Amino acid sequence: MQLTGLRRTSLFDVPEPAVRMDTDVKIRMQAVGVCGSDVHYYTTGRIGSQVVQYPFPVGHEGAGYVTETGSAVQGLRAGDRVAIEPAMPCGACDQCLSGRPHTCRKLRFLGCPGQADGCLSEFIVMPQHSCIPFPEGMSFEQAAVSEPLAIGLYAIRLAGAVSGKRVAVLGSGPIGLSVLSAARLAGAEAVYMTDPIEERLSVARQSGATATFNPVREDVVTNIAAREPLLMDFVVECCGRQKALDQAIRLLKPGGTLLIVGIPSFSRFSFPVDDLRRKEIAIRNVRRQNGCDREAIRVIADGSVSVDHWITHRFPLEECREAFNLVADYRDGVVKAMIHFP
């Protein structure tokens, strides 16, 4: 499937990709999740400086099985089931060598314009380090969802010591739910969730939220502060909304930390300087997942995190446009839409 214009998609017959490098792995895709960043490209044709040149294949949350490997690949063979780590760093720049491959100077990422075609295709070829085996007990859907879960795990790793702390997560889509799960695993005392979609709040409660609030129907700051008069140690913004950032600053206690995960559709945030300064708020941006992919597979496989109820809608490949419209318009209580291959 490829984007062919704003809110336009088409299926194309293209040559089957070939294994060219000795570290290449060819994968027959089985499940691909529709991510909010995919939808940005679908509805606006860009994320910041990354502008789509049509036609363009998107998709980066995926899983499938190996069909062919290069001569230097070890530990993988045809028939193995793998989740996709969509980042392909160079391994040689200053960022890679200092433990920051997610900000690699030459990073290639699946489904990013100018970097790499996406995985909404029957076959893709990836370097071995991007192919993560998962056990037979896991489904392809669960393996695909490990990608956003890894982002939540990384966000909480960046937060630091959250054990015994109080956390608010603004936005209860797949990334917000991933942060919730990671915070619970790390021992957070309380995790409060917000979202304007009631069905997402219901899933958040199933996933262990202390309490949930709908910003359309209630003042989330007042409601959370009534429960937690000392306010939050951490607020994680997962929806890319200015209003949520305003709420975050009000919710944070002095010395608290704001983590920004959401991708906005606009180019600049603003903050109330007086509150930011007087509270000495720390701000951290979260860039993807930085090596948390295998941990995500592990905690799904051992049952520490349940993700099945996050997947609310399923579509065959030929109905990609319907899936993208559903997610883009936040219809029918969608949390995660999954696309399946024949």
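Here we summarise the structure given alongside this text. Predicted model only: the values in this text are computed from it and were never measured. (Residues numbered from 1 in each chain as written. Predicted model: local features only at pLDDT ≥ 70, side-chain atom pairs only at ≥ 80, totals over all residues. Heavy atoms only, no water.)

### Some thoughts on the packing of helix α6 (residues 220-227) against helix α7 (residues 242-251)
- Look at α6 against α7: their axes get within 10 Å of each other, and the N-to-C directions meet at 25°. Judged by the angle between their axes, α6 and α7 are roughly parallel. Where α6 crosses over α7, the handedness of that crossing is right-handed. In this structure, α6 contributes Val220, Val221 and Ile224 to the contact, and α7 contributes Gln247, Arg250 and Leu251. (Axes fitted to C-alpha atoms, helices over the stretch in contact; angles between N-to-C directions. Helix = DSSP H or I, 4+ residues; strand = E, 2+ residues; numbered from the N terminus. Parallel < 35°, antiparallel > 145°, perpendicular 65-115°, else oblique. Left-handed = near helix turned anticlockwise from the far one by under 90°. Contact = heavy atoms within 4.5 Å.)

### Observations regarding the environment of aspartate 195
- As for its placement among the helices and strands, aspartate 195 is situated in the loop between β13 (190-194) and α5 (198-206).
- Residue classification places aspartate 195 among the buried positions, given a relative accessible area of 6%.
- Not counting chain neighbours up to four residues away, the residues in contact with aspartate 195 comprise Gly171, Ser172, Gly173, Arg200, Leu201, Phe213, Asn214 and Pro215.
- Among the polar contacts made by the side chain of aspartate 195, one reaches the main-chain amide nitrogen of isoleucine 197 at a distance of 2.9 Å. (Buried < 20%, exposed > 50% of the residue type's maximum accessible area, 1.4 Å probe, protein only. Polar contact = N/O pair within 3.5 Å; in protein donor to acceptor, adjacent residues only side chain to side chain.)

### Remarks on the pattern of salt bridges
- The final tally for this structure, using the stated rule, is 15 salt bridges.
- As a salt-bridge pair, lysine 26 and glutamate 16 come within 2.5 Å of each other at their nearest N and O atoms. Note that lysine 26 is positioned in strand β3 (residues 24-33) and glutamate 16 in the loop between β2 (8-10) and β3, a separation of 10 residues in sequence.
- For lysine 26, a relative accessible area of 7% puts it in the buried group.
- Residue arginine 314 pairs with glutamate 141 through a salt bridge whose shortest N-O separation is 2.6 Å. Separated by 173 residues along the polypeptide, arginine 314 in strand β18 (residues 311-316) and glutamate 141 in helix α3 (residues 140-159) bring together distant segments of the chain. (Salt bridge = Lys/Arg side-chain N within 4 Å of Asp/Glu carboxyl O.)

### Concerning the pairing of β13
- Counting buried residues in β13 gives 5 out of 5 residues, a clear majority hidden from the surface.
- Of the two faces of β13, the one holding Ala190, Tyr192 and Thr194 and the one holding Val191 and Met193 are both buried throughout.
- Note on the crossover from strand β12 (residues 166-170) through helix α4 (residues 174-185) to β13: the handedness is right-handed.
- Sheet analysis places β13 next to strand β14 (residues 211-213), joined by 3 bridges and oriented parallel. What sits directly across from threonine 194, in β14, is phenylalanine 213.
- You can see the chain leave β13, run along α5 and come back into β14, and the turn it takes is right-handed. (Right-handed = clockwise from strand over helix to strand, strands pointing away. Pairing = 2+ DSSP bridges.)

### Here's the deal with the packing of aromatic side chains
- All chains considered together, the criterion is met by 3 aromatic pairs.
- With 5.2 Å between their ring centres and 70° between their planes, tyrosine 42 and phenylalanine 324 make a pair best called edge-to-face. Taken together, the residues span a long stretch of sequence, with tyrosine 42 in helix α1 (residues 36-44) and phenylalanine 324 in helix α10 (residues 320-328) at a distance of 282 residues.
- The exposure class assigned to tyrosine 42 is buried, which follows from its relative accessible area of 0%.
- In this structure, lysine 26 is placed above the aromatic ring of phenylalanine 123, and the distance from its NZ or CZ to the ring centre is 5.2 Å.
- Over the face of the ring belonging to phenylalanine 140 we find arginine 81, whose NZ or CZ atom lies 4.9 Å from the ring centre. (Phe/Tyr/Trp six-rings, centres within 6.5 Å; stacked < 30°, edge-to-face > 60°. Lys NZ or Arg CZ within 6 Å of the ring centre and 35° of its normal.)

### A short note on the side chain of serine 130
- With respect to the helices and strands, the residue serine 130 is situated in the loop between β10 (123-127) and β11 (131-133).
- With a relative accessible area of 0%, serine 130 lands in the buried category.
- A polar contact of 3.2 Å, which involves the side chain of serine 130, links it to the backbone oxygen of alanine 87.
- If sequence neighbours within four positions are ignored, serine 130 has contacts with Ala83, Ile84, Glu85, Ala87 and Met88.

### So, unusual backbone geometry
- That bond from tyrosine 54 to proline 55 is cis: its omega, -10°, falls within 30 degrees of zero.
- With respect to the element layout, proline 55 can be found in the loop between β5 (50-51) and β6 (61-69).
- Even without glycine at this site, glutamate 280 takes up a positive phi of about 50°.
- Looking at where glutamate 280 falls in the secondary structure, it is placed in the loop between α8 (273-279) and β17 (282-285).
- You can call glutamate 280 exposed: its relative accessible area is 64%.
- You will see that asparagine 290, though not glycine, has its phi angle at about 45°, which is positive.
- Tracing the chain through its elements places asparagine 290 in the loop between β17 and α9 (293-301).

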